[in-house]
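# Secondary and tertiary structure notes
Here are the chains, one letter per residue:
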Amino acid sequence: MELTNYNDIRALLSRHGFRFSKSLGQNFLTAAWVPERIAEEAGLDEQTGVLEIGPGVGCLTEQLSLRAGKVLAVELDKALKPVLAETLEGKENIEILFGDVLKQDLPALVKEKLPGLRPVICANLPYNVTTPLLTAFLEAGCFETVTVMIQREVAKRICAPAGTPDYGAFGLFVQWHCLTELLFDVPPSCFVPQPKVTSSVIRLTRREEKPFPVQDEQLLFRVIRAAFNQRRKTLSNALSAGLGELSKEQAEKVLENCGFDPKIRGEAVELGGFVKITNEIAGKLFSNL
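Residues numbered from 1 in each chain as written. Predicted model: local features only at pLDDT ≥ 70, side-chain atom pairs only at ≥ 80, totals over all residues. Heavy atoms only, no water.

Here we take up the overall build of the chain. The number of helices and strands found in the chain is 12 helices and 9 strands. Overall, the chain is about 70 × 40 × 30 Å in size when its C-alpha atoms are taken along their principal axes. Burial analysis of the chain (289 residues in total) assigns 47% to the buried set. Contacts spanning at least 24 positions in sequence make up 67% of the contacts within the chain whose residues lie at least 6 apart. On the chain, roughly 13,800 Å² of surface is accessible, and the fraction owed to carbon and sulfur atoms is 47%. Charged side chains of the chain number 33 positive and 36 negative; the gap between the two group centres comes to 6 Å. (Helix = DSSP H or I, 4+ residues; strand = E, 2+ residues; numbered from the N terminus. Buried < 20%, exposed > 50% of the residue type's maximum accessible area, 1.4 Å probe, protein only. Contact = heavy atoms within 4.5 Å. Areas by Shrake-Rupley, 256 points an atom, 1.4 Å probe, with all protein chains shown as cover. Lys, Arg positive; Asp, Glu negative; His and termini not counted. Charge placed at Lys NZ, Arg CZ, Asp CG, Glu CD.)

In terms of nonpolar packing, the biggest core is built from 57 residues, with Leu 239, Phe 274 and Ile 277 touching the most fellow members. The biggest single contributor to this core is helix H9 (residues 217–229), with 8 residues. Every residue in contact with Phe 274, bar those within four places of it in the chain, is listed here: Tyr 167, Leu 172, Leu 220, Val 223, Ile 224, Ala 227, Phe 228, Leu 235, Gly 266 and Val 269. Formed by 34 residues, the second largest nonpolar core is a distinct cluster that contains Phe 28, Ala 31, Val 120 and Phe 191. (Core = buried A, V, L, I, M, F, W, Y, C linked by side-chain atoms within 4.5 Å.)

As defined by bridge partners, strand S3 (residues 70–75) adjoins strand S4 (residues 94–98) across 5 bridges and the pair is classed as parallel. Following the sheet pairing, Glu 75 is matched in S4 by Phe 98. Considered for its hand, the β-α-β crossover made up of S3, helix H4 (residues 81–87) and S4 is right-handed. (Pairing = 2+ DSSP bridges. Right-handed = clockwise from strand over helix to strand, strands pointing away.)

Before going further, it helps to examine the packing of aromatic side chains. The final tally for this structure, using the stated rule, is 10 aromatic pairs. Look at Phe 20 and Phe 28: their rings are 5.0 Å apart centre to centre, the planes differ by 55°, and that puts the pair in the tilted class. On the basis of relative accessibility, which here comes to 6%, the residue Phe 28 falls in the buried class. One aromatic cluster is present, formed by Phe 170, Phe 173, Trp 176 and Phe 221 through successive ring pairs. (Phe/Tyr/Trp six-rings, centres within 6.5 Å; stacked < 30°, edge-to-face > 60°.)

Next up on the list: helix H12 (residues 271–284). Taking 1.5 Å of rise per residue, 14 residues should cover 20 Å, and H12 covers 20 Å from first to last C-alpha, within 8% of that figure. Residues of H12 that are buried in the fold lie against helix H8 (169–177), H9, helix H10 (235–242) and helix H11 (248–257). (Expected span 1.5 Å × (residues − 1).)

Our focus in this paragraph is the sheet that holds strand S2 (residues 48–53). The sheet built from 7 strands is open, its strands ordered S4-S3-S2-S5-S6-S9-S7 with mixed pairing. The outermost strands of the open sheet, each flanked by one partner alone, are S4 and strand S7 (178–186). The mean inter-strand angle of the sheet, taken between neighbouring strand axes irrespective of direction, is 20°. On top of the sheet, helix H2 (residues 33–41) reaches strand S5 (118–124), strand S6 (145–151), S7 and strand S9 (199–206); it is set at about 160° to S7, its chief contact. Its contacts with the sheet place helix H7 (residues 152–159) against S6, S7 and S9, and it is angled at close to 135° to S6. (Axes fitted to C-alpha atoms, helices over the stretch in contact; angles between N-to-C directions.)

Turning our attention to the side chain of Glu 280. Inspection of the secondary structure puts Glu 280 in helix H12. Accessibility expressed as a relative area gives 16% for Glu 280, which makes it buried. With residues near it in sequence (within four places) discarded, Glu 280 still touches Val 254, Asn 257 and Cys 258.

Printed below as a string of C-alpha cells:
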C-alpha cells in the first residue's frame, strides 16, 4: 500500500468507514515527494525524537520513522485509530497518542516519551489551529527545530521582514524565539480533499539566546501588539491607544528618544527597534516620560 496513492487512500478509508472532518481541517497528502522532502528538511538522525501532530493516514509518519530514533505522533481524531494501526503496523519506533496536543504539558511529554533524544517537531499542521499550535511549541522551549507545513499566507507572515504587507505581531513573536526559513510550496493538487489555498513548509530553529536584550519581555509584546492592532495609525497613536500608561505626547517623546520619527508606522520598525522602544518605556515608566 502506498500511503500517498489516491486509490489506496480511498480504499483504506472506505475499509474503515472513515469520513473527513472539516472541523478538524483534515487534508491527506497524495504526492509522495512532499512527505519525503519534509522529512529530509527536518534534519533527522537516530538521535532525534520527533513529535508529529495530526499524522492522518501516516505517510509523513512513515518517512520520519525511517530517519529518526523515535516518532511520537499525536492524533485528535480517534476515528483514525484502526487506520493507523493498519498503515503503521510493525514500525517499532512509532508511538501513537490519541488526544489534543494543546492540552498536553509538552516538556513533560517530551521527557516521558522521547527520553535521551534531541526533540524536534515535524508535521502537516491543520490550518485552523496553526497559530495556537506554533505558540505552544515555541513557549514550551524544548524543541530544537519545528519543521511544519502550513497555509502559505501564514508562512509568509511568519517569515516577513519589516516594511512588507505581511509583517506583523505573530511573525515578530516567532522571530523573537526562532530563526525562520520558508523552504518550499505545496500546491492544493497534492492533497485529498484539495484545500482552497497553497501550503508552504517552513523551518523554525530555536535561538540559543534572544536576539536583543530586553528589560521586560511581556511589555515588548504588548508594544508589538499595540503597534499592529491599529496598523494604519502612526506608531505614536497606536502606542497611546494600546498602552494605557502612555499619552500620545509621551509616546511621541519615547519614539524621538529612540531616534524614530513620531509619524512612523509599526510596520516600518524592525524587531530591534521594538526592543529599543520597549526598553525606553520600561526605563521611564515610573518617572517623567
